[in-house]
Amino acid sequence: MSISIPLNTTLHFSPSSSTSLVPSSSLFSPIHSTAVAVCGIRQRCLRMVTSCVSYAQSSVQNGASDAVSVVGRNQIRLGLPSKGRMAADSLDLLKDCQLFVKQVNPRQYVAQIPQLPNTEVWFQRPKDIVRKLLSGDLDLGIVGLDIVGEFGQGDEDLIIVHEALNFGDCHLSLAIPNYGIFENINSLKELAQMPQWTEERPLRVATGFTYLGPKFMKENGIKHVTFSTADGALEAAPAMGIADAILDLVSSGTTLKENNLKEIEGGIVLESQAALVASRRALTERKGALETVHEILERLEAHLKADGQFTVVANMRGTDAEEVAERVKTQPSLSGLQGPTISPVYCKRDGKVSIEYYAIVICVPKKALYESVKQLRAVGGSGVLVSPLTYIFDEETPRWSQLLSNLGL
Ligand SMILES: Nc1ncnc2c1ncn2[C@@H]1O[C@H](COP(=O)(O)OP(=O)(O)OP(=O)(O)O)[C@@H](O)[C@H]1O
Ligand SMILES: O=P(O)(O)OC[C@H]1O[C@H](OP(=O)(O)OP(=O)(O)O)[C@H](O)[C@@H]1O
Ligand SMILES: [Mg+2]
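Residues numbered from 1 in each chain as written. Chains lettered and ligands numbered in written order. Predicted model: local features only at pLDDT ≥ 70, side-chain atom pairs only at ≥ 80, totals over all residues. Heavy atoms only, no water.

Draft legend 1. Quick look at the overall build of the chain. The helix and strand inventory of the chain stands at 13 helices and 15 strands. Scored against the burial criterion, the 409 residues of the chain give a buried share of 48%. Long-range pairs, those at least 24 residues apart, make up 74% of the contacts in the chain between residues at least 6 apart in sequence. Looking at the chain as shown, the accessible area adds up to about 19,700 Å², and 52% of this sits on carbon and sulfur atoms. (Helix = DSSP H or I, 4+ residues; strand = E, 2+ residues; numbered from the N terminus. Buried < 20%, exposed > 50% of the residue type's maximum accessible area, 1.4 Å probe, protein only. Contact = heavy atoms within 4.5 Å. Areas by Shrake-Rupley, 256 points an atom, 1.4 Å probe, with all protein chains shown as cover.)

Set out below in structure tokens:
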């Protein structure tokens, strides 16, 4: 089946964050620095229209940003994938953020999160999450960036609140056979220049991405191309003679390899992972939506930031804290988030309390753990304890200020 080639897309991405340290289980009540942020939102919210949204009923379809529905509901709706590999990962991520989705049984499509009493969870297929964000039937959702690009089609109502939830990593890529006429073709440019593709006999691409695929080809000046659609096992299409190339998601690359296909230079359409997405209209018009997204964002950021780090504690002999700090600071991997915390260790010797050791506490990226331990030892560290970090809260998350500025608040 041939399809037409539409064009236009802009996604809204926000960069990543930095931090300062705060831990513990009661951390999600509005104490410490988050309290300041919450006051900030309230003030902003007062300036916004806070009355219940009264959307007109309408059909649900791709890219229909002017198609809105739902009359006066008070609950915030969060869409989560109902099936596929993202479903369990989304629930696990929320659980790691102390947001426990209570689903009575797996076939029930609505659920609650006791920690967010004004929020309902609705389980939907990823593409329907995007469609329903656009139609106003959902306010927030967790889906892959590939689905946002394909079904959001650059609609300005979709806002990417957090673009890197750390699961569902894959990329959308063009792949061709590694045999026959393609044996020596290794780039998109070479593919485009092959004499085989003409108006009568275009390059046939099988894909589930019938919006992004044609758009990518058009942007790359490839004229003689047609697309066919399929829902799965696309990698079989070239060997079956149905297509010359495929445009599909790639993660480990195993499926391509096992089907004698290869990626080519310049053939990546987009990088994807799970993202938290919101409807601009919901955030600006629905009462409580902005506060809810702020809380979810803070929890996500705190968890994801901590996920890549260990807390490392070591004892070090020294004359005073400054002298120990000087020694520690000579090592590149021992600075922690803002600098090491160094505190005296009080020992009792001959009935007298004295300070001979100092405890150093730092956060260390997981990847740099062993290097850090070696560096600690090199400056006299002993008894090194390593434990996982659960949360790291920023004073304010950069993504939050970006979201506010994106919303014009
Ligand atoms: N191989 C993969 N590795 C990692 N993430 C992937 C992979 N394939 C897809 N994804 C991501 O996970 C999302 C859901 O894909 P998945 O295949 O689990 O669901 P689906 O395609 O909706 O279900 P199904 O394939 O059963 O129809 C995709 O939109 C993409 O963001
Ligand atoms: O690079 P890899 O790690 O091999 O993963 C890539 C495969 O994963 C996805 O398929 P999925 O497993 O979702 O099956 P589907 O085709 O039925 O959707 C995708 O469509 C590729 O076929
Ligand atoms: Mg799939």
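Once you've had a look at it, read on.
Draft legend 2. Molecular detail of the site of ligand 2. Near ligand 2 you find R85, G232, A233, E235, D248, L249, V250, S251, S252, G253, T254 and T255, and these make up its full shell. D248 is positioned with one of its side-chain polar atoms (N or O) 2.8 Å from an oxygen atom of ligand 2. Here an oxygen atom of ligand 2 sits 2.6 Å away from a polar atom, N or O, in the side chain of S252. For ligand 2, whose unbound accessible area comes to 490 Å², protein coverage reaches 63%. (Near = heavy atom within 4 Å. Polar contact = N/O pair within 3.5 Å; in protein donor to acceptor, adjacent residues only side chain to side chain.)

Draft legend 3. Expanded view of the site of ligand 1. Ligand 1 sits among 13 residues. The nearest are R85, D146, I147, D169 and S251. One nitrogen or oxygen atom from the main chain of R85 is found 2.6 Å from an oxygen atom belonging to ligand 1. In the model, an oxygen atom of ligand 1 is placed 2.7 Å from a nitrogen or oxygen of the D146 side chain. Protein contacts shield 67% of the accessible area of ligand 1, which totals 610 Å² for the unbound molecule. Elements with a minimum of two residues in the shell around ligand 1: α2 (85-96) and α4 (145-152).

Draft legend 4. Seen up close, a negative patch on the surface. Residues D89, D92, D96 and D307 make up a contiguous surface patch of negative charge. Among the elements that line the negative patch, the one with the most residues is α2, at three residues. Following the sequence through the fold, D89 ends up in helix α2. (Patch = residues over 30% accessible without salt bridge, like charges linked within 9 Å, V, L, I, M, F, W, Y side chains within 5 Å. Salt bridge = Lys/Arg side-chain N within 4 Å of Asp/Glu carboxyl O. Lys, Arg positive; Asp, Glu negative; His and termini not counted. Charge placed at Lys NZ, Arg CZ, Asp CG, Glu CD.)

Draft legend 5. Expanded view of the confidence of the model for the chain. Per-residue confidence for the chain gives a mean pLDDT of 84; residues scoring 70 or more make up 83%. The model gives residues 1-27 a pLDDT under 50, and that stretch makes 77 contacts with residues more than four places away or in other chains. Below pLDDT 50 for its whole length, residues 30-71 participates in 86 contacts with residues either more than four positions away or in separate chains. Taken together, the chains of this predicted complex give a pTM of 0.81 and an interface ipTM of 0.96. (pLDDT = per-residue confidence, 0-100.)

Draft legend 6. The arrangement of unusual backbone geometry in detail. The phi angle at Q153 is positive, at roughly 50°, despite the residue not being glycine. Checked against the element boundaries, Q153 lands in the loop between α4 and β5 (158-162). The exposure class assigned to Q153 is partly exposed, which follows from its relative accessible area of 26%. If you check the backbone angles, N166 has positive phi at about 75° while not being a glycine. Position of N166 relative to the elements: it lies in the loop between β5 and β6 (170-177).

Draft legend 7. Geometry of the packing of aromatic side chains. By the definition in use, this model includes two aromatic pairs. Taken together, a centroid distance of 6.1 Å and an interplanar angle of 20° make the contact between F182 and W197 stacked. Here W197 lies in the loop between α5 (188-192) and β7 (203-207) and F182 lies in the loop between β6 and α5, a separation of 15 residues in the sequence. Judged on exposure class, the residue F182 and its partner W197 are both buried. One cation-aromatic arrangement involves K366 over F310; the distance from NZ or CZ to the ring centre is 5.4 Å. (Phe/Tyr/Trp six-rings, centres within 6.5 Å; stacked < 30°, edge-to-face > 60°. Lys NZ or Arg CZ within 6 Å of the ring centre and 35° of its normal.)

Draft legend 8. Structural detail: a nonpolar patch on the surface. On the surface, a nonpolar cluster with roughly 320 Å² of combined accessible area is contributed by Y346, V353 and I355. Summarising the element assignment, I355 is placed in strand β14 (residues 352-365).

Draft legend 9. Structural context of the UniProt feature "domain: ATP phosphoribosyltransferase catalytic" (unreviewed entry) in the chain. With numbering aligned to this structure, UniProt lists the feature "domain: ATP phosphoribosyltransferase catalytic" (unreviewed entry) at residues 125-301. The annotated region residues 125-301 carries 33% helix and 29% strand content, and the separation between its end C-alpha atoms amounts to 25 Å. (UniProt positions renumbered as here; feature names shortened; annotations may be inferred.)

Draft legend 10. The arrangement of the nonpolar core in detail. Core analysis: the largest hydrophobic core is formed by 34 residues, its most contacted members being L165, L276, L283 and V293. At the level of elements, β1 (76-81), α2, β3 (119-124), β4 (140-144), β5, β11 (274-279), α10 (289-307) and α13 (398-406) are the ones that each hand at least two residues to this core. At seven residues, the largest contribution of residues to this core is made by α10. I185, F209, F227 and L270 belong to the second largest nonpolar core, which has 23 residues in total. (Core = buried A, V, L, I, M, F, W, Y, C linked by side-chain atoms within 4.5 Å.)

Draft legend 11. Representation of helix α3 (residues 126-135) in the model. Counting buried positions along α3 gives seven out of 10 residues, so the element sits mostly inside the fold. Taken as a whole, α3 has its buried residues at D128, I129, V130, R131, L133, L134 and S135.

Draft legend 12. View of the side chain of D244. With respect to the helices and strands, D244 occurs in the loop between α7 (237-240) and β9 (245-250). Overall, the relative accessible area of 7% leaves D244 in the buried class. At a separation of 3.0 Å, a polar atom in the side chain of D244 contacts the side chain of R201. A distance of 2.7 Å separates the side chain of D244 from the backbone nitrogen of R204, its partner in a polar contact.

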